[in-house]
Structure formats: structure tokens, C-alpha cells
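# Commentary on secondary and tertiary structure
The residues making up each chain are set out below.
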Amino acid sequence: MEKVRLGVNLDHVTTLRQARNTPYPDLIEAIRIAEASGADGITIHLREDRRHIQDNDVYAAREVITSSMNLEMAATSEMQKIAIEVKPDYCCIVPERREELTTEGGLDVAAHRDRLRELVAALHAAEIKVSLFIEPNPLIIDAAADVGAKIVELHTGHYADAHGPHQQHEWERLNVAAQHAMQLGLVINAGHGLHVGNVKPVADINGMNELNIGHSIVSDALFVGLDRAIRNMRCAMDGVE
């Protein structure tokens, strides 16, 4: 069985930088450390409000990433243009509201079916793989397949926020969704709110391809360094002490 890929989201390296508009911490150095520490891919989210990652970060990252680049973006014409110029390996289409602290839920695929079908087709034409960030719901997975997505990223936030039996219930929702996606021939990724204490059950879901994790890794890096934080996450995913 192949190991689940670890995509490291480095948005919050630039959150710290933007807090005082300094040249540090250096995103490019963070990318180099992440890849040397075992990251299978680098994820960055260019938000419409530019609260952390900036446009020049996206172009600079494309020049240095040697693993794979995953650009998270809203389904806007502006972001479509940037993605086609930059040509990341992957684009993950996410919902976005300016007032939110972070991405709070999955895409409403049915409500934006026509726009998403158009966007997915345009990115595929540019030879960019596309995933949709969605709730673990078989009906939404059906809609994602209908608009042409080949990859879904399941929102794990409800699982991460839950405890005890409720967390088990949320894991079961993720598992059912993943098995449904596999039956449709979709690639299954997941992410949001995962940390070393809760990641293993999600990594163990049959068919899981990749977990995208950022906030907890960057937070742990404050105490142990980015290299060790990434290695600890890899060990947690693999169940290695």
C-alpha cells in the first residue's frame, strides 16, 4: 500500500510576514525546508483579500518548487487567469468569504455548477489538474464528478472539531464519502484542521491519496522548527513513534 501523500500548506508562514510587512520569514526558504523534510507537495492559497500569500509569492514559488505545486483559489476570473499563467501542477477550488478566518466549509457545487464546469474545463485545457474542496457528502461528490473534476478534497473540519463518539461519526462520514468517490474513479484528498493527534484515522481511510495540512504544522514549527514539525506529521500519518 502506497503512503498517503503529505501536502504542506505554507500560507501561515506569510501570515507572520504580512503582520508587519517584513521580508521575513522567507516563503522560498520555507518551501526548500519543507521539501527537504519530506513534503510531497506544497500548497498555497492566493485569497482574494491577499491576507497572507501575495501574487509575487505564487510566481516565485512556481520557480522553486520541485515536488508539486497546489494552488488553492476561488472560482473567479481573476484567479483563473493567474492559475493559467502560473501553471501549478494542481488547483484546488475552494469557497471564499472575505470575513472568514479560514475556509469554513466545502463548495456549494450544485449552486455554481455552470461556473465550475467552465473553470474545470479551462484549467484542464491548460494541463492543470483540478480538485474541488467539498463536504463529505455523496451527493456533492456526484456533482463534483458531473462538472468534470477528477479529484475531490474532503473537508475534514467537522471531524477535527469533534470529540468522542461524534468524532467517530464524522470519520464515518469521511469514509463513506471516500468509498463513493473511489467508485466514481475520483482521486481522494482531504484536509482542514488536521494535526498530529487526529491525522492517523484520516490517513488510514481506504483510497486516501493526499492530506493537505498547514496551520498545525506551522504552529508546531514555532517550538520544534519546520523540519521537525513536518517529520513529526509524516510519522503521525504513518503511525510511527
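Quick summary incoming for the structure in this document. (Residues numbered from 1 in each chain as written. Predicted model: local features only at pLDDT ≥ 70, side-chain atom pairs only at ≥ 80, totals over all residues. Heavy atoms only, no water.)

## Some thoughts on unusual backbone geometry
The line we're drawing: Numbering goes from the N terminus for both helices and strands, where a helix is a DSSP run of H or I of at least four residues and a strand is a run of E of at least two. Exposure classes here rest on a 1.4 Å probe applied to the protein chains alone. A residue is buried below 20% of its type maximum, exposed above 50%, and partly exposed in between.
Looking along the chain, the bond that leaves tyrosine 24 and enters proline 25 is cis, with omega of -5°. Mapped onto the fold, proline 25 is located in the loop between α1 (11–20) and α2 (27–36). The backbone phi angle of lysine 87 is positive, close to 55°, even though this residue is not glycine. The residue lysine 87 is located in the loop between α4 (77–86) and β4 (90–93) in this model. By relative accessible area, lysine 87 is classed as partly exposed at 43%. For histidine 192, which is not glycine, the phi torsion reads 120° and is therefore positive. Relative to the helices and strands, histidine 192 is located in the loop between β7 (187–191) and α9 (199–203).

## Here we look at the pattern of salt bridges
How we decide: We count a salt bridge whenever a side-chain nitrogen from Lys or Arg sits within 4 Å of a carboxyl oxygen from Asp or Glu.
Under the counting rule described, the total for this entry stands at 19 salt bridges. The closest approach of N and O atoms between arginine 5 and glutamate 210, which form a salt bridge, is 2.7 Å. You can see arginine 5 sitting in strand β1 (residues 5–9) and its partner glutamate 210 sitting in strand β8 (residues 208–213), a full 205 residues away along the chain. Residue arginine 117 pairs with aspartate 146 through a salt bridge whose shortest N-O separation is 2.8 Å. Of the two residues, arginine 117 sits in helix α5 (residues 113–125) while aspartate 146 sits in helix α6 (residues 138–146), which places them 29 residues apart along the sequence. Judged by relative accessible area, arginine 117 falls into the partly exposed class, the value being 33%. In the salt-bridge network here, residues are joined through shared partners; they are Lys3, Asp40, Arg234 and Asp238.

## Concerning the environment of isoleucine 65
Test applied: By the convention used here, residues are in contact when the closest approach between their heavy atoms is within 4.5 Å.
Mapped onto the elements, isoleucine 65 comes out in the loop between α3 (55–64) and β3 (69–73). Placed 59 residues apart in sequence, isoleucine 65 and leucine 6 show a C-alpha to C-alpha distance of 15 Å. Once residues within four sequence positions are removed from consideration, isoleucine 65 is found in contact with Ile31, Glu35 and Ile42.

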